[in-house]
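Coordinates in review
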Amino acid sequence: MKRRESLGLDLTPVIDVVFILLIFFIVSSVFKKEELALVLNLPASNAKEMKIDEDQIFIELNQDKLAIRGIEVSFASLEDNLKAIKNKEKAVIVRIDKKVEYERVVKVLDLLQKYSLTNLALVTNEEAKN
């Protein structure tokens, strides 16, 4: 009398595929560190480094563009975004290219003051040590 072999599902290929997919998603994931939109050449400074929290507001300014929270906007849109902020104690992180005209910087600072956003930090690069 012949014994019948039980027909079972071989899980080895399924496990292989699951591990391959897991590795693919881990490697291809983008971990969002900061909401940055513009490439800026920041001035150098000896100021101490500060920690960045997720609830901070990022404003970037270069010669011809302006961005808030990683999205390019106009000055009118920036004002609307600043007006909508309820928590006035929220930290505002401002990244300004070192070649930006002073007038553009003053416009941004005036808008921040207008909406009582005074918890301000200006971002710089670390000064090279000789």
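The preceding data block contains the structure.
Fair warning: this is a prediction, and the values are worked out from it, not measured in the lab.

Calculation rules
- Residues numbered from 1 in each chain as written.
- Predicted model: local features only at pLDDT ≥ 70, side-chain atom pairs only at ≥ 80, totals over all residues.
- Heavy atoms only, no water.
- Helix = DSSP H or I, 4+ residues; strand = E, 2+ residues; numbered from the N terminus.
- Expected span 1.5 Å × (residues − 1).
- Buried < 20%, exposed > 50% of the residue type's maximum accessible area, 1.4 Å probe, protein only.
- Arc of directions from axis to C-beta.
- Contact = heavy atoms within 4.5 Å.
- Polar contact = N/O pair within 3.5 Å; in protein donor to acceptor, adjacent residues only side chain to side chain.
- Pairing = 2+ DSSP bridges.
- Phe/Tyr/Trp six-rings, centres within 6.5 Å; stacked < 30°, edge-to-face > 60°.
- Right-handed = clockwise from strand over helix to strand, strands pointing away.

Moving on to helix α3 (residues 102-114). Across its 13 residues, α3 extends 18 Å between first and last C-alpha, which sits within 8% of the 18 Å expected from 1.5 Å per residue. Restricting attention to buried positions, one finds in α3 the residues R104, V105, V108, L111 and L112. Down the axis of α3, the buried side of the element spans an arc of 125°, and every buried residue falls inside it. Seen from the open side of α3, the exposed residues pointing more than 90 degrees away from its buried face are Y102, E103, Q113 and K114. At its buried positions, α3 is contacted by β2 (57-61), β3 (66-68), α2 (75-83), β5 (92-96) and β6 (120-123).

Another aspect to go through is the side chain of N62. The topology assignment puts N62 in the loop between β2 and β3. When its relative accessible area of 9% is taken as the criterion, N62 is described as buried. Side-chain polar atoms of N62 contact the backbone nitrogen of K65, separated by 2.7 Å.

A separate point is the pairing of β2. Burial within β2 is extensive, with five of its five residues counted as buried. Of the two faces of β2, the one lined by I57, I59 and L61 and the one lined by F58 and E60 are each fully buried. Here β2 runs beside β5; their pairing, made up of five bridges, is parallel. Across the sheet, F58 pairs through a bridge with I93, a residue of β5. Where β2 meets β3, three bridges bridge the pair, whose relative direction is antiparallel.

Okay, the packing of aromatic side chains next. A complete count under the given rule lists one aromatic pair for this structure. Centre to centre, the rings of F24 and F25 are 5.3 Å apart; their planes meet at 70°, and the pair counts as edge-to-face.

Residues other than glycine predominantly adopt negative phi, and peptide bonds predominantly adopt the trans conformation. The phi dihedral of R69 falls on the positive side, at around 55°, and the residue is not glycine. With respect to the helices and strands, R69 occurs in the loop between β3 and β4 (71-72). In this structure, S116 takes a positive phi of about 55° despite not being glycine. The partly exposed category is assigned to S116, whose relative accessible area is 43%.

Structurally, R95 is set in strand β5. Residue classification places R95 among the buried residues on the basis of a relative accessible area of 11%. On a C-alpha basis, the gap between R95 and A121 in space is 8.7 Å, while along the polypeptide they are 26 residues apart. Of the polar contacts made by the side chain of R95, one reaches the side chain of E60; its length is 2.9 Å.

Quick look at the pairing of β5 now. The element β5 is largely enclosed, with a buried count of five among its five residues. Bridge analysis of β5 against β6 gives four bridges, and the strand direction is parallel. Directly across from V94, in β6, lies its bridge partner L122. At this point the chain moves from β5, through α3, to the parallel β6, and the crossover so formed is right-handed.

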